[in-house]
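Topology and contacts: notes
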Amino acid sequence: MGKIQNDKLRNIAIIAHVDHGKTTLVDAMFKQSGMFRAEQEVDDRLMDSMDLERERGITISAKNCSVMWGDTKINILDTPGHADFGGEVERALSMVDGAILLVDASEGPLPQTRFVLGKAFEAGLKIIVCINKIDRHDARVEEVLDEVYDLFIDLGADDEQIEFPVYYAIGKEGLCKKELDDDNKDLKPLFDAIVEVIPGPTYSEEEPFQMLVSDLGYSDYLGRLAIGKVINGTAKSNETLVRLGPDDMKQTLRVSKLQIYEGMGTKEVTVAETGEIVVLSGIEDILIGDTICMKDAPKALPRITVDEPTVSMHFMPNTGPLAGQEGKLVQSTRIKERLIKETMLNVAVKVEMSEDRDSFIVKGRGEFQMAIILETMRREGFEVCVGRPEVIYKEIDGAIHEPIEQLFIDCDEAFVGVITEKLSIRKGRMTNLVNNGTGRARIEFSIPSRGLIGYRDEFLSDTKGTGIMNSLLAGYEPHRGDIPSRFTGSIVSDRAGKGVTYGLFHLEPRGELFIKAGDVVYEGMIIGSYNKDNDLNANPCKEKKMTNVRASGKDDALTLTPVAPMTLEKAIHFIADYELVEVTPKNIRLRKKMLSQTDRHVMRNKKFSGKL
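Numbering of residues begins from 1 in every chain and follows the order in which that chain's sequence is written. Local features in this predicted model are restricted to residues whose pLDDT is 70 or higher, and side-chain atom pairs enter the listing and the counts only when it is 80 or higher, whereas totals over whole chains, interfaces and linings include all residues. The basis for the side-chain values is all heavy atoms of the structure; hydrogens and waters are excluded.

Considerations on the overall build of the protein chain
Condition: Secondary structure elements follow DSSP: runs of H or I of four or more residues count as helices, runs of E of two or more count as strands, with numbering from the N terminus. Categorising residues by exposure relies on relative accessible area from a 1.4 Å probe, with only protein chains included: less than 20% of the type maximum marks a residue as buried, more than 50% marks it as exposed, and the intermediate range marks it as partly exposed. It only takes one pair of heavy atoms within 4.5 Å for two residues to be counted as in contact. We get accessible surface area from the Shrake-Rupley algorithm with a probe of 1.4 Å; when it comes to residues, only the shown protein chains can shield them.
Counting its secondary structure elements, the protein chain contains 15 helices and 37 strands. Looking at the protein chain residue by residue over its 612 residues, the buried ones come to 53%. Intrachain contacts of the protein chain at a sequence separation of at least 6 include 71% that bridge at least 24 residues. Only carbon and sulfur atoms are counted for the fraction: they give 49% of the accessible area of the protein chain, which is about 28,600 Å².

Here it is, written out as C-alpha cells:
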C-alpha cells in the first residue's frame, strides 16, 4: 500500500531544555512569517499563555500554533523542557513529523534535552539542530556541537539521524545562520530548512478517515474539544463518526465544529486535509489516546503510552480550624472532580481513592509537577491539604526496587566537597566529575528519587544560589536503604491566636520562623523549623507582662528577622511524614496531621512503648 506525502504541510515540535529559548524563538518565527501587521503590538513569549508560565519563565503545557512560509503551512508545537511534564512531550511528538532541537551555546545539551530527544528518536522524527544564544560571552559553539554529536550517538541514532543539519541562532534578535560567519539577519535559513528537511505528513489513499486524539481542550461555548492529527482520510464538519476508546469501546459521535490552527488562534473549516492538526468539538467523554474514525470502517490506531508515574501524594480536604475562610471550593467531591479533570487533560497523572476514602492519591512524574497542580488549584479557589511526596516502589523478582535518578550538577569547584558529602548521605553515588579548569565543575550522580525530595533548597543554599541542578529518571534499581529525611524538628503552636512580636522574638534563637507578627495561628500549626531533631510546642501569642517599673532602654521596640514568604515547593520539601501542607488561595501553612497536642503526646508514648 503506497504512502502519499502532503507537501503543503509541515508539523514540527521545538524541543529543548528549560530556559534554552524555545518560546522566544517561536515569537520571532511568528513576527517574521507575516502573522502580524508591522505596527501591531505583540506580547513577548506569546506561547506562555498560563499565568504560571509567565511568572516562572517555563513552558508547562504543550501548545499548538501555525505560521505560513510561502505556500507551506507550518504547524509548530512548543513542548515543555522539564522531565516532570514528560506526558506533555509524548503527546506533542505523536502529532509531528520532525523536530528542531534547540541547544544553548554555553550550557550545551542538558538532561531534559536528552529526555525529549530520546522520545523523538523513539517516534522516528527527523531532527534539525539549532544552537541558540551564540552571542553569549561564554558561548562555546564547537564544544557544544561535539556534545550534541556525543548525545546522538549515546541515544543510538542511526546513520541517517546522525547526519543532522546544524544552524546557529540568536532567538531574541530573530536571526539564524547556516554558517557562523554568515551575516544573515533573519530566520529565513531556518524556515527554508523546515520546508526542505522535515518531511510532509504521509498517508495511505486507500485507508478511511483516522485521527488520533493527542490533546484535550475545553471551551465554554463548544464544550469538550478533541485535538489531534488526521492520520488518514479527510475530516468534515457535521459528519457522523465513531470513537474507539480503551478495551475496544465504541461510541458514535457527531462533529459540530471543525477547526484548524491559524497563527495563535483557530479557524473554522468545513474540510481538513490529511496530516492537518485539527480541533473537533461536540464530542463529550473522550480520552487522550482514543481514535476517531468512520462509522462504517472503524480501525483503531496505537494508543499513546507514557512513562509510569514515580511519585505519589495524598490530597485531602482542609480539616484545619480555618477551613472554608479563604477558598470557595472546599468539599471533597469538588476536589475529586478537579483531580479527575486533571487526569483527562494530562496523561502522565493518575488519581486513586485512598483506603480511608477521605483522601485521594495523585500519582505523577515528580514533585514539581505536583506543585504546579496545587498552584493551579489554589488559583482556582480550592482549599486542600497535602502530605509529603512518596516514591512509588516496584517489586521485581521478589525484591523491592525504587526509581533512580541521573543527577547532573554544575557548580563552582569550591562547593564540590559539600555537595558530594550531602548526596552521599542521601545514597547518591558519583559517576562522573569533569573540571575544565574554568572554576566550575560538572558532576554526575546516580541517586534514588526519594533522596532528591527536599534537596533542591538545600543545594541552592550550599552553592549560594550559583549551582545548576537537573535530574532525569534512569530506571529502577534495588532499594538502597534508609535515608534520613530531615535533621531538624518543628516549632509547633500550642494554641490559637495571632503571632505577637514579643513571643516570636524569644523563639528566634530556637530555629527559623515561618510566620510574622500578626499572622493567624492555631494549635498544631507549624510556625518554624526547630534547631534540634525533636518538636517544640511553643506559644507564639505570648505578650509582655505589664509592670509599673520604668528603666532606660527597657521598652525599646523588638525587631524580628524578616521572614521569606512560604512557597509551595519549600513547604512540600520541609514537611515530614506526619505533617501536612494546608494550601488555600491566600496562604500556605504547615501543620501536624494530629492538631491536638495531647493526642500527639499519647501517640508518641504508644510508639515508644511498642503498642502501635
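A word on a negative patch on the surface
Rules: Each patch is assembled from residues with relative accessible area greater than 30% and no salt bridge, linking like charges that lie within 9 Å and nonpolar side chains (Val, Leu, Ile, Met, Phe, Trp, Tyr) that lie within 5 Å. When a carboxyl oxygen of Asp or Glu is within 4 Å of a side-chain nitrogen of Lys or Arg, the pair counts as a salt bridge. Neither His nor the chain ends is counted toward charge; the positive residues are Lys and Arg and the negative residues Asp and Glu. By convention, the point assigned to a charge is CZ for Arg, NZ for Lys, CD for Glu and CG for Asp.
A grouping of Glu142, Glu143, Asp146 and Asp150 is seen on the molecular surface, where their side chains present a negatively charged patch. On the secondary structure map, Asp146 appears in helix 5 (residues 141-154).

Quick word on the pairing of strand 6 (residues 126-132)
To keep things clear, this is the line we draw: Think of it this way: DSSP has to see at least two bridges between two strands before they count as a pair.
Along strand 6, six of the seven residues are buried, which leaves the element largely enclosed by surrounding structure. Pairing analysis gives seven bridges linking strand 5 (residues 98-104) to strand 6, with the strands arranged parallel. Bridge pairing links Asp104 to Asn132 in strand 6. In terms of strand pairing, strand 6 meets strand 7 (residues 166-170) through three bridges, oriented parallel. Residue pairing in the sheet places Val129 in a bridge with Val166 of strand 7.

Overview of the confidence of the model for the protein chain
Atomic detail in the predicted coordinates should be set aside for any region of low pLDDT. The test is simple: The quantity known as pLDDT measures the predictor's confidence residue by residue, on a range of 0 to 100.
The share of residues in the protein chain with pLDDT of 70 or more is 87%, and the mean pLDDT across the chain is 78. Within the protein chain, no element has a lower average pLDDT than helix 2 (residues 51-56), which sits at 43, and none a higher one than helix 10 (residues 416-425), at 89. Predicted confidence for residues 36-62 stays below pLDDT 50, and this span has 76 contacts to residues more than four positions away or in other chains. Contacts of residues 81-86 to residues separated by more than four positions or lying in other chains number 27 contacts, the stretch itself having pLDDT below 50.

Some words on the nonpolar core
In a soluble, globular protein the nonpolar side chains are often hidden away together inside. This is how it is decided: The nonpolar core is taken to be a set of buried Ala, Val, Leu, Ile, Met, Phe, Trp, Tyr and Cys residues, with the residues joined through side-chain atoms within 4.5 Å.
Of all hydrophobic cores here, the largest spans 40 residues; its most connected members are Ile15, Leu101, Leu117, Ile127, Val129, Ile131 and Phe152. Among the elements that make up this core, the one with the highest residue count is helix 5 (six residues). Core analysis: the second largest hydrophobic core is formed by 28 residues, Leu329, Ile373, Val384 and Ile575 among them.

Quick look at the pattern of salt bridges
All chains considered together, the criterion is met by 25 salt bridges. Where Glu326 meets Arg589, a salt bridge forms, and the shortest distance between an N and an O atom there is 2.7 Å. Pair noted here: Glu326 is in the loop between strand 20 (311-317) and helix 8 (332-345) and Arg589 is in strand 37 (residues 588-592), with a separation of 263 residues, a long-range link. Like Arg589, Glu326 is buried. For Arg440, the salt bridge is made with Asp410, and the minimal N-O distance between the two is 2.7 Å. Residue Arg440 is located in strand 28 (residues 440-448), and its partner Asp410 is located in strand 26 (residues 399-412); the two are separated by 30 residues in the primary sequence.

Thoughts on the pairing of strand 13 (residues 240-244)
A regular strand places its side chains on the two faces of the sheet in alternate fashion. Most of strand 13 sits inside the fold, with four of its five residues counted as buried. Of the strand pairs in this sheet, strand 13 and strand 14 (residues 250-254) are connected by five bridges, and their pairing is antiparallel. Pairing of Val242 across the sheet is with Thr252, part of strand 14. What sits between the antiparallel neighbours strand 13 and strand 14 is a turn of five residues, in which Asp247 has the positive phi angle 60°. Where strand 13 lies against strand 19 (residues 291-294), four bridges are found, and the strand directions are antiparallel. Opposite Leu244, over in strand 19, you have Thr291 as the bridge partner.

Considerations on the packing of helix 10 against helix 12 (residues 455-462)
This is how it is decided: In this description, a line fitted to the C-alpha atoms serves as the axis of each element, helices being fitted only across the stretch in contact, and the angle between N-to-C directions of two axes falls anywhere from 0 to 180 degrees. Any angle from 65 to 115 degrees is called roughly perpendicular, while one under 35 is roughly parallel, one over 145 is roughly antiparallel, and all others are oblique. Handedness of a helix crossing follows the sense of rotation of the near helix relative to the far helix, less than a right angle counterclockwise being left-handed and clockwise being right-handed. Three residue categories are used. Nonpolar comprises Ala, Val, Leu, Ile, Met, Phe, Trp, Tyr, Cys and Pro, charged comprises Asp, Glu, Lys and Arg, and polar comprises the others, including Gly.
Close contact between helix 10 and helix 12 brings their axes to 10 Å; oriented N to C, the two are set at 160°. It follows from the interaxial angle that helix 10 and helix 12 lie roughly antiparallel. Here the hand of the crossing between helix 10 and helix 12 comes out right-handed. Side by side, helix 10 and helix 12 meet where Val418, Ile419, Lys422 and Leu423 of the first sit next to Tyr455, Glu458, Phe459 and Asp462 of the second. Its residues placed into classes, the contact of helix 10 with helix 12 shows five nonpolar, no polar and three charged.

So, the packing of aromatic side chains
For any pair of aromatic rings, geometry is given as the distance between the ring centres together with the angle between the planes. Our working rule: Note on aromatic pairs: the rings of Phe, Tyr and Trp (six-membered ring only in Trp) are paired at centre separations within 6.5 Å, and the planes decide the class, stacked below 30 degrees, edge-to-face beyond 60, tilted for the rest.
Under the counting rule described, the total for this entry stands at five aromatic pairs. Taken together, a centroid distance of 5.1 Å and an interplanar angle of 90° make the contact between Phe514 and Phe574 edge-to-face. Note that Phe514 is positioned in the loop between strand 32 (511-513) and strand 33 (520-521) and Phe574 in helix 14 (residues 568-574), a separation of 60 residues in sequence. No difference in accessibility class separates Phe514 from Phe574, as the two residues are buried. Clustering of aromatic rings is evident, with ring pairs tying together Phe121, Tyr149, Phe152 and Phe164.

Here we look at helix 9 (residues 367-379)
Definition in use: The span you would expect from a helix comes to 1.5 Å times its residue count less one.
Along its 13 residues, helix 9 runs 18 Å from first to last C-alpha, staying within 8% of the 18 Å computed at 1.5 Å per residue. Counting buried positions along helix 9 gives 12 out of 13 residues, so the element sits mostly inside the fold. Looking one or two residues past helix 9, Gly381 carries a phi angle of roughly 100°, positive in sign.

With respect to unusual backbone geometry
Phi is positive for Lys133, close to 60°, though the residue is something other than glycine. With respect to the helices and strands, Lys133 occurs in the loop between strand 6 and helix 5. The residue Asp397 is not glycine, and still its phi comes out positive at about 55°. Mapped onto the elements, Asp397 comes out in the loop between strand 25 (394-396) and strand 26.

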